[in-house]
Amino acid sequence: MSFLSLAFAQPLILYGLLALPVIWWLLRLTPPRPQIEVFPPLQILARVLKPEETPHKSPWWLTLLRLTLAALVILALADPVFRPAKNVGSGGSVLALIIDNSWPAAREWDKRQATAERLINDAGDSGIPVILALTTDAENVEIGPFAAEAARDRLRAAMPRPVPADRHMTYAKIVDAIDGLSDTTLALLTDGLAGPDDEGAFAQLLASNIGRIVWAAPRSLDTIGLTSADNQPKAMIVKAIRPTSDTPPRQFTVHALDDKGRRIGEATGLFGAGVSETTAELKVPFELRNDFDSIVVEGENLASAVHLLDENSRRRRVGLISASEADQSQPLLSPLYYIRNALLPFADLIEAETSDLAKAVPELIDDKPAIVVMADVGTLPQEARTKLIDWIESGGTLIRFAGPRLAAAENDDDLLPVRLRLGERALGGTLSWTEPQPVAEFPAQGPFFDLAAPRDVVVRRQVLAEPTPDIVERTWASLADGTPLVTGAKRGEGTLVLFHVPPEATWSNLPITGSFVEMLHRVVQFSRNQGRLEQSADGKPATLAPYRMISADGALIPPPPDARPLVLGSEIPPVTITNPPGFYGGGEGVVAHNLLDASARFEPIARPGTNVPITEIRYAFDEQRDLKGWLIALAILLLALDSLAVFWLGGVFAWRSAAKAGRASATVAAMVALGAGLYVIPALAQNTDAKPGDAEAIEAISLTRIAYVLTGDSAVDSISRAGISGLNRFLIEKTALEPGEPAGVDIAVDELSFYPLIYWPVDPAAPMPSAAAIARVDAYMQQGGTVLFDTRDQYANGFGALGASPATLRLREILASLNVPPLEPVPPDHVLTKSFYILRQFPGRYADAPLWVEASLDAENSENRPVRTGDGVSSIMITAADFAGAWAIDQSGRPMLPTVPGNPLQRVYAYRSGVNIMMYMLTGNYKSDQVHLPILLERLGQ
């Protein structure tokens, strides 16, 4: 029952309000007056004392108070609800709930969850099962039907994903789930954006037994998306879109971030009235634009408002050199004319101010170009040649074009990818038996493998390469007769590329075709990290691991568990739940996989046209409020007021004298003072007990931290810190332990009791610790701490050599001053072999090094142990395996030192050894206690 904004779960109880007149009559009813008989001796007293008066009826305000109290109790028992939500999810035989948890849903996901939960609650109150499907889930995810409680749990675990909604697949699963069911209530909670062929998906769904539809969509779409970023010569042009339904003029701001998240560029864009597509220009210097890592729309906080940039978006500086002077009156005959026009759209071109190669080459290299293009340059001066070779070996790319000068010059193996024959080869003509040759299909091992071979290119003259065993591997393009047209080879970190024809249309018509532009563009890409990522060594498309992903709210996060490697082919893979938007790659470079492509559009979703009844709801939190508790509380308050009124009418609160009032005031003041004292005294005591260093001690023990002994050698200490950092990273990934940063300790000064484990790399070159420092270590071990001594000398004297190394001798000097218990190599049944992983040995950077621990003692001699072993944990461990060297990683997460021998699994077992040691340190012998389990069960009668 409901009216206005109030509803009652038990409306029949409201009939109790009809009893209010009866209650009013009972409250006013008084017993009959007794008959008065006057006792004669009391006549005198009757004249002195005022007779007690009994009221004929209670005061009107007390009667009203009691009637209100009775009405409140009746209303409370009827379970009133203020602003009740309309029950729309309780009809039919099953509720099929479909939720778009795609990237547009991230903005108000909490409201969408609240709306879906109300529908599930309505179905649960009616005993109706729920089918719950999310449009970004994988095809094999179960959708029900579920009980209401299970459906609520699944809903609370759902999160928005940075991918488009896959309605076709989801609706097909719903059709299969409701097959055979009648009168289904279908609830569609959409993200507001239309998808590809939504009409076909809706038609497939509505062909089932749908009794009614509940439709929810955002009231307005005001998101902004970035579809492309074009690095033009003067600015970065960013293309932005908005929904076509968002028609008022709107201004927005985009800012560019570098790889550390720092803002290095900003621009403003404007959507005109009724315009859904516009651009913004980031006018910053060329060098800053090359540092752009991402472009973000300010204030949007959605995956669509983030556009990632990789090497393909960065312009490269290209230097141009020609040995011949350009004829200004005949620009088409200039050796650099076609090269300029081909490279200008995607590169910044620089040219030397002089034609003297001895000056031109060093000047260009000083400008730090990524690529140098030389058009028909034969022999270089020695100084320029040396500087050019150093630049190539440091990572530069040199592109050379043949011509008469190069054909007549001697071979320079350092500046040519292949050896050349002297002179050029003429194809066709009166004195030649051959005909002009077309270009053959591009080989798979070259960078042009996915380009179409130009059918209209004809070569009439070329520079021939000497046949060598590796000529096929170095050929990137060839003619129909098999002779190379483009060759390439690596030189150090750089690349050499040679076009066996000039860059003008004299020997061939290649420079005046579109293929010339595509080939130069591809070589420019190949000069970057991105180009090397686009194909593997065998010429096949590269497979790139997920690196950093974009979340639904636009933040860069680590890859989720369901992210899979991205396979680069001729076409850009679509954004899916297994290939979400983000960066793919690693240390050599990354590829940007963006949510929106250049053709993306934001169209509002249309409500399906059907004869099935549709109820439209809005996304909102549950605004209904249960008034039962408030009414009961108010009724209790009125009951207390009624009791006070009765006492007052009876004269209980009448004070006999002013003295009593004064004593009451004094009592109240004393109670207030006592309460204040109880609050102030602990605060004063807390300040009094505080001591210097307490804050540092609390901070030190707030996290579990592994310590290492500072030896004074920066190389040894840096490896120790990097090793413990690598072990911490492995512990966080594989266990529930999240250690703090490694702590370097000076055993002579620092407090050692804060750390459960101290790693001590024994360095024979370090000074011998003082007796006081060794005494502090001894006290630390007696109090339950453990020291892991690592001599790192397993192969110091050679494989299989006998005798003690300097590190071992230094360790013996240290242990001579400690109360060291008997030691033994870790037995096969020791807790260390099973504290987390099952291990047979404990390798580090070096294999076959035993790990020594405290030997097991008999129970009779346990009181004579020189060092207390808390909970069975050894207070000392000794190894020569160099654990820190095996664990050490650099800032990019790669191993710093190789393992000996080079077994790839040795490092994995080294990390597992570290995990077992930490678990053993923190949990003690709980794994050993499992041997008593059968006896304990037997005693319990199990």
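Criteria and cut-off values
Residues numbered from 1 in each chain as written. Predicted model: local features only at pLDDT ≥ 70, side-chain atom pairs only at ≥ 80, totals over all residues. Heavy atoms only, no water. Helix = DSSP H or I, 4+ residues; strand = E, 2+ residues; numbered from the N terminus. Buried < 20%, exposed > 50% of the residue type's maximum accessible area, 1.4 Å probe, protein only. Contact = heavy atoms within 4.5 Å. Areas by Shrake-Rupley, 256 points an atom, 1.4 Å probe, with all protein chains shown as cover. Arc of directions from axis to C-beta. Pairing = 2+ DSSP bridges. Core = buried A, V, L, I, M, F, W, Y, C linked by side-chain atoms within 4.5 Å. Axes fitted to C-alpha atoms, helices over the stretch in contact; angles between N-to-C directions. Parallel < 35°, antiparallel > 145°, perpendicular 65-115°, else oblique. Left-handed = near helix turned anticlockwise from the far one by under 90°. Nonpolar A, V, L, I, M, F, W, Y, C, P; charged D, E, K, R; others polar. Phe/Tyr/Trp six-rings, centres within 6.5 Å; stacked < 30°, edge-to-face > 60°. Patch = residues over 30% accessible without salt bridge, like charges linked within 9 Å, V, L, I, M, F, W, Y side chains within 5 Å. Salt bridge = Lys/Arg side-chain N within 4 Å of Asp/Glu carboxyl O. Lys, Arg positive; Asp, Glu negative; His and termini not counted. Charge placed at Lys NZ, Arg CZ, Asp CG, Glu CD. Right-handed = clockwise from strand over helix to strand, strands pointing away.

K.L.:
Would you mind going over the overall build of the chain with me for this structure?
P.N.:
The helix and strand inventory of the chain stands at 23 helices and 40 strands. Of all 942 residues assigned to the chain, the portion counted as buried reaches 45%. Of all intrachain contacts in the chain linking residues separated by at least 6 positions in sequence, the fraction that spans at least 24 positions is 74%. Surface accessibility of the chain: about 49,300 Å² in total, with carbon and sulfur atoms responsible for 56%.

K.L.:
I tried to follow helix H20 (residues 806–815) on my own but got confused; where do I start?
P.N.:
The periodicity of an α-helix, 3.6 residues per turn, causes residues three or four places apart in sequence to face the same way. Within the sequence span of H20, burial applies to Ala807, Arg810, Leu811, Ile814 and Leu815. For H20, the buried positions fall inside an angular range of 135 degrees around the axis, keeping them on one side. Structural note: H20 exposes Pro806 and Arg812 on the side pointing more than 90 degrees away from its buried face. If you follow the buried residues of H20, they end up packed against strand E36 (757–761), helix H19 (771–782), strand E37 (786–790) and strand E40 (876–879).

K.L.:
What's the story with the sheet that holds strand E30 (residues 582–586) in this structure? I'm lost.
P.N.:
In a beta sheet, neighbouring strands pair by backbone hydrogen bonds and run either parallel or antiparallel. The strand order across the open sheet formed by four strands is E28-E27-E30-E31, and the pairing between neighbours is antiparallel. For this open sheet the edge positions go to strand E28 (556–557) and strand E31 (589–593), each flanked by a neighbour on one side alone. As paired elements, strand E27 (residues 546–550) and E30 share three bridges and run antiparallel to each other. Bridge assignment links Pro546 to a residue of E30, and that residue is Tyr584.

K.L.:
Teacher, can you tell me more about the nonpolar core here?
P.N.:
Soluble globular proteins tend to pack their nonpolar side chains together in the buried interior. Of all hydrophobic cores here, the largest spans 39 residues; its most connected members are Leu731, Leu788, Leu832, Leu851, Met877, Phe883 and Ile917. At the level of secondary structure, the elements contributing two or more residues to this core comprise helix H18 (714–734), E36, helix H21 (883–887) and helix H22 (904–923). At eight residues, H22 tops the list of elements feeding residues into this core. Once you skip the residues sitting within four places of it in the chain, Leu832 turns out to touch Val826, Phe842, Leu851, Val853, Met877, Asn916, Ile917 and Tyr920.

K.L.:
For this particular structure, what's the right way to read the sheet that holds strand E14 (residues 306–308)?
P.N.:
Ordered in space as E11-E10-E13-E14, the four strands form an open sheet in which the pairing is antiparallel. The open sheet has two free edges, formed respectively by strand E11 (263–271) and E14, since each of these has just one partner strand. With strand direction ignored, the average angle separating the axes of adjacent strands in the sheet is 20 degrees. Bridge count for strand E10 (residues 250–257) against strand E13 (residues 294–297) is four bridges, and the pairing is antiparallel. By the bridge assignment, Val254 is partnered in E13 with Val297.

K.L.:
Whenever I open this one, helix H10 (residues 357–366) confuses me. Can you help?
P.N.:
Restricting attention to buried positions, one finds in H10 the residues Leu357, Ala360, Val361, Pro362, Leu364 and Ile365. Of the surrounding elements, those touching the buried residues of H10 are strand E15 (316–322), strand E16 (347–351) and helix H11 (382–393). One or two steps after H10, the chain reaches Lys368, where phi turns positive at roughly 55 degrees.

K.L.:
Mind showing me how you'd approach unusual backbone geometry here?
P.N.:
A negative phi angle characterises most non-glycine residues, just as the trans form characterises most peptide bonds. Cis geometry marks the peptide bond from Gly144 to Pro145, where omega comes out at 15 degrees. Within the fold, Pro145 resides in the loop between strand E5 (130–134) and helix H5 (148–157). Of note, Asp848 is a non-glycine position whose phi angle comes to about 65 degrees, a positive value. Here Asp848 is to be found in the loop between strand E38 (823–825) and strand E39 (852–854). A relative accessible area of 57% places Asp848 in the exposed class.

K.L.:
Can you help me understand the packing of H10 against H11 in this one?
P.N.:
How two helices sit against one another is set out by the angle between their axes and by the gap between those axes. For the pair H10 and H11, the least separation of the axes is 9 Å and the interaxial angle reads 25 degrees. With respect to H11, the axis of H10 lies roughly parallel. Crossing angle aside, the handedness with which H10 passes H11 is left-handed. Where H10 abuts H11, its residues Leu357, Ala358, Val361, Pro362, Ile365 and Asp366 lie against Ala384, Lys387, Leu388 and Trp391. Of the residues assigned to the contact of H10 with H11, the class counts are eight nonpolar, no polar and two charged.

K.L.:
Would you mind going over the packing of aromatic side chains with me for this structure?
P.N.:
Each aromatic ring pair is characterised by the separation of its centres together with the angle its planes make. In total, this model carries 15 aromatic pairs according to the counting rule given. Ring plane angle 90 degrees and centroid distance 6.2 Å describe the contact between Phe448 and Trp476, whose orientation is recorded as edge-to-face. Highlighted residues: Phe448 in the loop between strand E20 (437–438) and strand E21 (458–459) and Trp476 in strand E23 (residues 475–478), separated in sequence by 28 residues. Like Trp476, Phe448 is buried. Taken together, the ring pairs connect Tyr171, Phe202 and Trp215 into an aromatic cluster.

K.L.:
Is there a simple way to think about a negative patch on the surface in this case?
P.N.:
Together, Glu353, Asp356, Glu363 and Asp367 give the surface a local cluster of negative charge. Checked against the element boundaries, Glu363 lands in helix H10.

K.L.:
How should the pattern of salt bridges be read in this particular structure?
P.N.:
Between side chains of opposite charge, a pair can form as their charged atoms come close. Overall, the coordinates contain 36 salt bridges when judged by the stated rule. The partner of Glu466 in a salt bridge is Arg421, and the shortest N-O contact between them spans 3.8 Å. Remark: Arg421 occurs in the loop between helix H12 (404–408) and strand E19 (425–426) and Glu466 occurs in the loop between strand E22 (461–462) and E23; sequence separation between them is 45 residues. Looking at Glu466, the relative accessible area reads 30%, which means it is partly exposed.

K.L.:
So what exactly am I meant to see when it comes to the environment of Ala545 here?
P.N.:
Tracing the backbone shows Ala545 in the loop between strand E26 (543–544) and E27. Given a relative accessible area of 38%, Ala545 falls into the partly exposed group. Separated by 20 residues in sequence, Ala545 and Pro565 place their C-alpha atoms 4.3 Å apart. Leave out the neighbours within four places in its chain, and Ala545 touches Pro565, Tyr584 and Gly585.

K.L.:
Sorry if this is basic, but what is going on with the packing of H18 against H22 here?
P.N.:
Where H18 meets H22, the closest approach of the two axes is 10 Å, and the angle between their N-to-C directions is 75 degrees. In terms of orientation, H18 lies roughly perpendicular with respect to H22. Seen from H18, the contacting residues are Gly726, Leu727, Phe730 and Leu731; seen from H22, they are Tyr911, Arg912, Gly914, Val915, Met918 and Met919. The residue makeup of the contact of H18 with H22, split by class, is seven nonpolar, two polar and one charged.

K.L.:
Explanation requested: the pairing of strand E4 (residues 94–99) in the structure shown.
P.N.:
Consecutive side chains along a regular strand alternate between the two faces of the sheet. The buried count for E4 comes to six of six residues, which makes it a mostly enclosed element. As judged from the six bridges shared by E4 and strand E6 (residues 184–189), these two strands associate in the parallel manner. From the neighbouring strand, Ile98 faces E6, where its bridge partner is Leu188. For the crossover from E4 across helix H4 (residues 109–125) to E5, the handedness is right-handed.

K.L.:
Explain the environment of Asp717 to me, please; I cannot follow it from the model alone.
P.N.:
Structurally, Asp717 can be placed in helix H18. Take Asp717: its relative accessible area is 11%, and that puts it in the buried class. For the pair formed by Asp717 and Pro761, sequence separation is 44 residues and the distance between their alpha carbons is 8.5 Å.

K.L.:
So what exactly am I meant to see when it comes to a nonpolar patch on the surface here?
P.N.:
Together, Leu634, Leu637, Leu641, Leu644, Val646 and Phe647 make up an exposed nonpolar region whose accessible area comes to about 510 Å². Locating Leu641 in the fold gives a position in helix H15 (residues 628–649).

K.L.:
Hey, could you run me through the pairing of E37 in this one?
P.N.:
Counting buried positions along E37 gives five out of five residues, so the element sits mostly inside the fold. Judged by which residues are buried, E37 turns out to be covered on both faces: Thr786, Leu788 and Asp790 on one side and Val787 and Phe789 on the other are all buried. Where E36 lies against E37, five bridges are found, and the strand directions are parallel. Counted as the bridge partner of Ile758 is Val787 from E37. Assessed by its sense of winding, the connection that carries the chain from E36 through H19 to E37 is right-handed. Here E37 runs beside E40; their pairing, made up of four bridges, is parallel.

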